[in-house]
Amino acid sequence: DHALFRESLARWFEGLPEFKVVGQCSNVEEALEALSTGGFDLMLLDFELGDHRGSEVLLSSRSKPFNGKIMFVTVGMTRAEVRQALNHGASGIFLKNNGPELLGEAIGKGMAGETWSDPKYAGHDNDHPMAETNRRVKFTERDRIVLRCVFDGLANKEIAEQLRVSESAIKASL
């Protein structure tokens, strides 16, 4: 969702013969539309998208005619968010503080059917039970609205209709 980062990344890819940039999206709605039209093999997606999360796009991809891969390129995610994204079919998690050569490697592995996990999330100390308990949970405005609706007793389908999003997007918020 950050134009400077997105456009810089696109320019870098355009200079590499093995990649072809077919589009850019600046928000969740554009990303969902892109999934509907297809025509590409890989979507690089930020996890934090303002009031939305990239997991909404990931979950919605299942109901779209999209057969490609989705890889998160982000500032950071909790280990629980990483596990959830990988369990829901993300081909990898790549942190933005890494260099472009490593991104190329991550994409190559993801396109070969392997799952890429940033080195930060690999290793024994990441399995420490206290690793996540000290982090403060950040809720987006959408998460807060969904929680209010859940507390009011609404079903996922009702919440989705009220917010004009897919039911899977609501499930991603829970």
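Definitions and cut-offs
Residues numbered from 1 in each chain as written. Predicted model: local features only at pLDDT ≥ 70, side-chain atom pairs only at ≥ 80, totals over all residues. Heavy atoms only, no water. Helix = DSSP H or I, 4+ residues; strand = E, 2+ residues; numbered from the N terminus. Salt bridge = Lys/Arg side-chain N within 4 Å of Asp/Glu carboxyl O. Buried < 20%, exposed > 50% of the residue type's maximum accessible area, 1.4 Å probe, protein only. pLDDT = per-residue confidence, 0-100. Axes fitted to C-alpha atoms, helices over the stretch in contact; angles between N-to-C directions. Parallel < 35°, antiparallel > 145°, perpendicular 65-115°, else oblique. Left-handed = near helix turned anticlockwise from the far one by under 90°. Contact = heavy atoms within 4.5 Å.

Draft legend 1. A look at unusual backbone geometry. For R164, which is not glycine, the phi dihedral falls at a positive 60 degrees. Within the element layout of this structure, R164 appears in the loop between α7 (156–163) and α8 (167–173).

Draft legend 2. Region of the structure containing the pattern of salt bridges. Per the counting criterion, the structure on display carries 4 salt bridges. Here D46 makes a salt bridge to K96, at a shortest N to O gap of 3.0 Å. With D46 in the loop between β1 (42–45) and β2 (48–49) and K96 in the loop between β5 (92–95) and α5 (100–111), this pair connects stretches of sequence that are 50 residues apart. Its relative accessible area of 9% is what places D46 among the buried residues.

Draft legend 3. Layout of the confidence of the model for the protein. Chain-level statistics for the protein give a pLDDT mean of 83 and a share of 89% at 70 or above. Here α8 stands out as the least confident element of the protein, with mean pLDDT 74; β5 is the most confident, with 93.

Draft legend 4. Fine view of the packing of helix α6 (residues 141–151) against α7. The interhelical angle for the contact between α6 and α7, taken along N-to-C directions, is 135 degrees, at an axis separation of 10 Å. By the criterion of interaxial angle, the relationship of α6 to α7 is oblique. Remark: the crossing between α6 and α7 carries right-handed chirality. Every residue of α7 that contacts α6 at R142, I145, V146, C149 and V150 is listed here: I159, Q162 and L163.

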